[in-house]
Protein chains: 2
Amino acid sequence: MNVQTEPVKQGRKHAQVLEGARTVFLRDGFEGASVDDIAKSAGVSKATLYSYFPDKRILFMEVAKAECLRQEEMTDMMVEMNSDPNVALRHAATSMIRLFVSNFGKHVFRVCVAESDRFPELGREFWESGPARVRARMIDFFNDAIKRGQLEIEDCDLAADQFAELCKADLFPKMVFGIQEEFSDAEVARVANGAVDTFMARYGTKRAG
Amino acid sequence: MNVQTEPVKQGRKHAQVLEGARTVFLRDGFEGASVDDIAKSAGVSKATLYSYFPDKRILFMEVAKAECLRQEEMTDMMVEMNSDPNVALRHAATSMIRLFVSNFGKHVFRVCVAESDRFPELGREFWESGPARVRARMIDFFNDAIKRGQLEIEDCDLAADQFAELCKADLFPKMVFGIQEEFSDAEVARVANGAVDTFMARYGTKRAG
DNA sequence: CCCTATATAAACTGCACAGTTCAGTTTTTT
DNA sequence: AAAAAACTGAACTGTGCAGTTTATATAGGG
């Protein structure tokens, strides 16, 4: 009656392997990463690596899953969901922009897109555990604000999607197409403010802000 | 004194090779495409292929460049840049959405992102010859409309970027993350109308629409 | 009719990399 | 300290694929 919660073998180097895999996969993508590189980066022999993860695809999926969880924990961007939409949204916009302009955001996005043929579930899972959660929280906030008479929205789903997209203006294409790597606070603030102003012009009431 | 404008050898099968390469690269990406597949798809022997394009990377860049030109020719989305922003923008939004939700748009985007490490210029060149052109035309239109008193915009660059992003709401993430493949006219119209309404709420004057 | 251009198919080379094996070492458990 | 489990390094296998070579075929020009 051995209660084995984890189907994977346990040993000292488990986390170590995942960490190395994370580094290399995020840097080089699935094809670009060689198992030898991963083993080296993890400071582990190839045999050990294979004793934990019987093939490269499984290792990759494991890393991706772990990344999604990590993503969830970073979703503290809505803490300040208090009264005033102008304040709350400005804060949310800044957090969102910072996240998808970060190294993490860039790499995860890149891997999702690049590997979408080989791993169709990858993009979906990432979406579910990342952006979709933020979206849901956003909609909750909208509904509260509507009740308070601070917002006026017919289609909350669309509004949430529009807000997220407004946050990508300018910076996201620049990042995705490799035109610019780093983004200053001023650039982020310009886009965040622009997003909130445009959003509130459409959905704000006089009582808001 | 042989005036050779093209550094690449020209012959009967030149276009034929490019066409096959286009098909396979767009379908499978750079890594995913094998030269044998390309030769087969082009109806040409591998030796012939290599006599035109001495290596795979060069062939790929050639295809990408051709795609960018093709992109330019499709930029007739602004034909109706006449008086009323409400009409013109609704038309522009629909065209833009249709374009980047198309098979073409999806594949080019995917290849740009996936290959951005191997070909850093690829994304930049695509951006320059595609989105950036649309953006420039958009800004011209804004300036005209501002002179006519139909729009009121402080930061035209940001406004153009916001408009483009608004057009991506909902549909673009769904496409990129493989959640949805085909998009109905109703879905496109919903997003296009939403984009224009939000945009005009912020930047429209009473005289417009 | 031969000469040269260009095309073709198919076999071949070389390399990178996933996955395996194994003899030997280190760590953990009892 | 002995047994069991985990780890190592290095060599090895097999495969897929970029790029080359070769022997052969077709077509137009002098």
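Look up a bit, the structure's there.
About the thresholds
Just so you know, the residues in each chain are numbered from 1, in the order the chain's sequence is written. All chains are assigned letters beginning at A, and all ligands numbers beginning at 1, according to the order in which they are written. For a predicted model such as this one, the threshold for reporting local features is a pLDDT of at least 70, and the threshold for listing and counting side-chain atom pairs is 80 or more; totals across whole chains, interfaces and linings nevertheless cover every residue. Water and hydrogen atoms were dropped before computing side-chain values, which therefore reflect all heavy atoms in the structure. By convention in these notes, a residue is near a molecule or strand provided one of its non-hydrogen atoms lies within 4 Å of it. As used in this structure description, the phrase polar contact means that two N or O atoms lie within 3.5 Å; if the pair is within protein, one of them must be able to donate a hydrogen and the other to accept it, and residues adjacent in sequence are counted only when both atoms belong to side chains. In DSSP terms, a helix is any run of H or I states spanning at least four residues, a strand is any run of E spanning at least two, and both are numbered starting from the N terminus. Ten residues, namely Ala, Val, Leu, Ile, Met, Phe, Trp, Tyr, Cys and Pro, are considered nonpolar, four, namely Asp, Glu, Lys and Arg, are considered charged, and the remaining ones, Gly among them, are considered polar. The pairing test for Phe, Tyr and Trp rings, Trp by its six-membered ring, is centres within 6.5 Å, and the orientation test on the planes gives stacked under 30 degrees, edge-to-face over 60, and tilted for anything in between. Partly exposed describes any residue whose relative accessible area lies between the buried limit of under 20% and the exposed limit of over 50%, with all areas from a 1.4 Å probe on protein chains only and scaled to the type maximum. We call a charge positioned above a ring when the Lys NZ or Arg CZ atom is no farther than 6 Å from the ring centre and deviates by at most 35 degrees from the ring normal. Fitting a line to C-alpha atoms yields each axis, with helices limited to the stretch in contact; the angle taken between N-to-C directions then spans 0 to 180 degrees. The labels follow the angle: roughly parallel below 35 degrees, roughly antiparallel above 145, roughly perpendicular from 65 to 115, and oblique for the rest. In this scheme the crossing of two helices becomes right-handed for a clockwise turn of the near helix relative to the far one and left-handed for an anticlockwise turn of less than a right angle. Two residues form a contact once any of their heavy atoms are found within 4.5 Å. What counts as a salt bridge is simple: a side-chain nitrogen of Lys or Arg found within 4 Å of a carboxyl oxygen of Asp or Glu.

Participant: With reference to specific residues and values, describe the protein's contact with DNA strand D.
Facilitator: In the region of DNA strand D, 19 residues are neighbours, and Arg12(A), Thr48(A), Val35(B), Lys46(B) and Lys56(B) sit closest. Of all DNA strand D atoms lying within 4 Å of any protein atom, the proportion belonging to sugar or phosphate reaches 68%. At 3.0 Å from a phosphate oxygen of DNA strand D is found a main-chain nitrogen or oxygen belonging to Ser45(A). Elements that contribute at least two residues to the surface near DNA strand D include exactly helix H3 (46-52) of chain A together with helix H3 (46-52) of chain B. For the surface near DNA strand D, the per-class residue count stands at seven nonpolar, six polar and six charged.

Participant: Before we move on, could you go through the protein's contact with DNA strand C and cite the residues and values that matter?
Facilitator: Near DNA strand C lie 18 residues; those nearest to it are Val35(A), Lys46(A), Lys56(A), Lys13(B) and Thr48(B). Backbone sugar and phosphate groups make up 70% of those atoms of DNA strand C lying within 4 Å of the protein. Here Ala33(A) contributes a backbone N or O atom positioned 3.3 Å from a phosphate oxygen of DNA strand C. Separating a phosphate oxygen of DNA strand C from a side-chain N or O atom of Tyr52(B) is a distance of 3.1 Å. Where the surface near DNA strand C is concerned, the elements lending two or more residues are H3 of chain A together with H3 of chain B.

Participant: Go over the packing of aromatic side chains, please, and point to the residues and values.
Facilitator: Two aromatic rings are characterised by how far apart their centres lie and by the angle between their planes. Going through the model one piece at a time under the given rule, you end up with 30 aromatic pairs over all chains. With a centroid separation of 4.8 Å and 85° between ring planes, the pair formed by Phe25(A) and Phe60(A) is classed as edge-to-face. Here the residue Phe25(A) occupies a position in helix H1 (residues 14-32), and Phe60(A) occupies one in helix H4 (residues 56-73), the gap between them amounting to 35 residues. On the basis of relative accessible area, Phe25(A) is assigned to the buried category, the value being 1%. Where Phe141(B) meets Phe142(B), the ring centres are 6.4 Å apart and the plane angle is 55°; that geometry is what we call tilted. One exposure class covers both Phe141(B) and Phe142(B), and it is buried. The ring centre of Phe172(A) lies 5.1 Å from the NZ or CZ of Lys168(A), which sits over that ring.

Participant: Pulling in residues and values, what's your account of the packing of H1(A) against helix H2 (residues 35-42) of chain A?
Facilitator: All names here are of chain A. Relative orientation of the contacting elements H1 and H2 amounts to 125°, with a least axis distance of 8 Å. Between H1 and H2, the crossing angle belongs to the class labelled oblique. Where H1 crosses over H2, the two elements pack in a sense that is right-handed. Mapping the contact onto sequence places Gln16, Val17, Gly20, Ala21, Thr23, Val24 and Phe25 in H1 and Asp37, Ile38, Ser41 and Ala42 in H2.

Participant: Can you tell me about the pattern of salt bridges, naming the residues and giving the values?
Facilitator: If you walk through the whole model with that rule in mind, you get 31 salt bridges over all chains. Between Asp185(A) and Arg98(A) there is a salt bridge whose closest N-O contact spans 2.4 Å. A residue pair is termed long-range when its members are at least 10 positions apart, and Asp185(A) in helix H11 (residues 185-203) and Arg98(A) in helix H5 (residues 85-101) qualify at 87 residues. Between Arg202(B) and Glu154(B) there is a salt bridge; the shortest N-O distance is 3.3 Å. Of this pair, Arg202(B) sits in helix H11 (residues 185-203) while Glu154(B) sits in the loop between helix H8 (131-147) and helix H9 (156-166); the two residues are 48 residues apart in sequence, bridging distant segments of the chain. What makes Glu154(B) exposed here is its relative accessible area of 61%.

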